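Examining the three-dimensional arrangement
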Amino acid sequence: GAVVSQHPSWVICKSGTSVKIECRSLDFQATTMFWYRQFPKQSLMLMATSNEGSKATYEQGVEKDKFLINHASLTLSTLTVTSAHPEDSSFYICSAKYLAQTDTQYFGPGTRLTVL
Amino acid sequence: QKEVEQNSGPLSVPEGAIASLNCTYSDRGSQSFFWYRQYSGKSPELIMSIYSNGDKEDGRFTAQLNKASQYVSLLIRDSQPSDSATYLCAVKSGNDMRFGAGTRLTVKP
């Protein structure tokens, strides 16, 4: 149980284009999902918390107009990187809370984004 | 700023030895503590969670929590080369989950 998938696993795009990353909880309903970014040899940085049916809560310094998050159902959250630039190249990882009443997060396999 | 501190390592232990990973946190009100393992190029996977002072054992892994000292550790017994990874400590305080920078562990055959 508690399996989280992400798609795509990797993507290469040109500067200025938009990229959508999907995060799905496969065998449970996740009212809360999280989006992280990780640069090489650095720790996870929380970008935003996504709650089903409501607007995402972004961390300080994360541009909400650049990183669009939609959590339209209990099993799907999407992150769209708009007008991507090379500095957006990173490892994007989503996680989901398995049970609403616990703090345990299960991570997806991550999406490696490379912007040329 | 709520901080979670870990020694970045690398920590190197021989196969079969005990690996000890440490983590300190600054928010005394923290309630939930987690250890994740992250292989290079992969996402973190949950190893253990601990909520109460004392030890919690799961197979070769033991998590230790001391809230008075604001300290949580992870012991790995009979370390195997497959345990070589970066171990992330995560601390939940209030609505925030904060991750340490991770300790890189190498288990040498």
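As shown above, the structure is provided for reference.
Here's a quick rundown of the structure. (Residues numbered from 1 in each chain as written. Chains lettered and ligands numbered in written order. Predicted model: local features only at pLDDT ≥ 70, side-chain atom pairs only at ≥ 80, totals over all residues. Heavy atoms only, no water.)

**Concerning the overall build of chain A**
In terms of regular secondary structure, chain A is built from 0 helices and 11 strands. Traced from its N-terminal end to its C-terminal end, chain A shows the element sequence β-β-β-β-β-β-β-β-β-β-β. Since a compact globule built from 116 residues should have a radius of gyration of about 13 Å, the 13 Å found for chain A is in line with a globular shape. Across its three principal axes, chain A shows a C-alpha extent of roughly 40 × 25 × 25 Å. (Helix = DSSP H or I, 4+ residues; strand = E, 2+ residues; numbered from the N terminus. Rg over C-alpha atoms; globule rule 2.2 N^0.38 Å.)

**A short note on the interface of chain A and chain B**
The interface of chain A with chain B comprises 16 residues on the first partner and 17 residues on the second. Between chain A and chain B, a total of about 1300 Å² is buried, with carbon and sulfur atoms accounting for 51% of that surface. Of all residues in chain A, S43, D103 and F107 of chain A bury the most surface against chain B, accounting for 37% of the area lost on that side. On the surface where chain A and chain B come into contact, there are 1 salt bridge. Summed over the shared surface of chain A and chain B, the number is 5 residue pairs in polar contact (both at pLDDT 80 or more). Here the side of chain A that touches chain B gets 3 residues from one element, more than from any other, and that element is strand β10 (residues 105–107) of chain A. Partitioning the side of chain A that touches chain B into residue classes produces 7 nonpolar, 6 polar and 3 charged. (Contact = heavy atoms within 4.5 Å. Buried area = accessible area lost by both parts, 1.4 Å probe. Salt bridge = Lys/Arg side-chain N within 4 Å of Asp/Glu carboxyl O. Polar contact = N/O pair within 3.5 Å; in protein donor to acceptor, adjacent residues only side chain to side chain. Nonpolar A, V, L, I, M, F, W, Y, C, P; charged D, E, K, R; others polar.)

**Details of the state of the cysteines**
Residue and element names in this part refer to chain A. Evaluation of the coordinates by the stated rule reveals 2 disulfides over all chains. Covalent S-S linkage joins C23 and C94, the inter-sulfur distance amounting to 2.0 Å. What sets the handedness of the C23 and C94 disulfide is the S-S torsion sign, and at about 80° it is right-handed. You can see C23 sitting in strand β3 (residues 19–25) and its partner C94 sitting in strand β9 (residues 90–97), a full 71 residues away along the chain. (Disulfide = S-S within 2.5 Å.)

**Comments concerning unusual backbone geometry**
Of all residues except glycine, most have a negative phi; of all peptide bonds, most are trans. Cis geometry is adopted by the peptide bond preceding P8 of chain A, which originates at H7 of chain A and carries an omega value of 0°. With respect to the helices and strands, the residue P8 of chain A is situated in the loop between β1 (4–7) and β2 (10–13). A cis amide bond, omega 10°, links G9 of chain B with the succeeding residue P10 of chain B. You can see P10 of chain B is positioned in the loop between β1 (4–6) and β2 (11–14). Even without being a glycine, S83 of chain A presents a positive backbone phi close to 45°.

**Examining the packing of aromatic side chains**
Going through the model one piece at a time under the given rule, you end up with 9 aromatic pairs over all chains. Here the aromatic rings of F67 of chain A and Y92 of chain A are separated by 6.4 Å at their centres, their planes lie at 40°, and the arrangement is tilted. With F67 of chain A in strand β7 (residues 67–73) and Y92 of chain A in strand β9, the pair connects residues that are 25 residues apart, well separated along the chain. Between Y25 of chain B and F33 of chain B the ring centres are 4.9 Å apart and the planes differ by 45°, which places this aromatic pair in the tilted class. Taking the relative accessible area as the measure of exposure, Y25 of chain B reaches 5% and is therefore buried. By way of ring pairs, the aromatic residues Y36 and F107 of chain A together with F34, Y36, Y51 and F99 of chain B are connected into one cluster. Directly above the ring of F67 of chain A sits K66 of chain A, whose terminal nitrogen or CZ lies 5.9 Å from the centroid. Directly above the ring of F61 of chain B sits R60 of chain B, whose terminal nitrogen or CZ lies 5.5 Å from the centroid. (Phe/Tyr/Trp six-rings, centres within 6.5 Å; stacked < 30°, edge-to-face > 60°. Buried < 20%, exposed > 50% of the residue type's maximum accessible area, 1.4 Å probe, protein only. Lys NZ or Arg CZ within 6 Å of the ring centre and 35° of its normal.)

**Regarding the side chain of S49 of chain B**
Position of S49 of chain B relative to the elements: it lies in strand β5 (residues 45–50). Not counting chain neighbours up to four residues away, the residues in contact with S49 of chain B comprise F33, F34 and K56 of chain B.

**Structural notes on the environment of Q38 of chain B**
As for its position among the elements, Q38 of chain B is in strand β4 (residues 32–38). Its relative accessible area of 8% is what places Q38 of chain B among the buried residues. Spatially, the C-alpha atoms of Q38 of chain B and T86 of chain B are 5.1 Å apart, while their sequence positions differ by 48 residues. Residue contacts for Q38 of chain B: discarding those within four places in its chain leaves Q38, F91 and I93 of chain A together with S43, P44, A85, T86 and L88 of chain B. Here Q38 of chain A takes part through its side chain, which lies 2.7 Å from a polar atom of the side chain of Q38 of chain B. Among the polar contacts made by the side chain of Q38 of chain B, one reaches the main-chain carbonyl oxygen of K42 of chain B at a distance of 2.7 Å.

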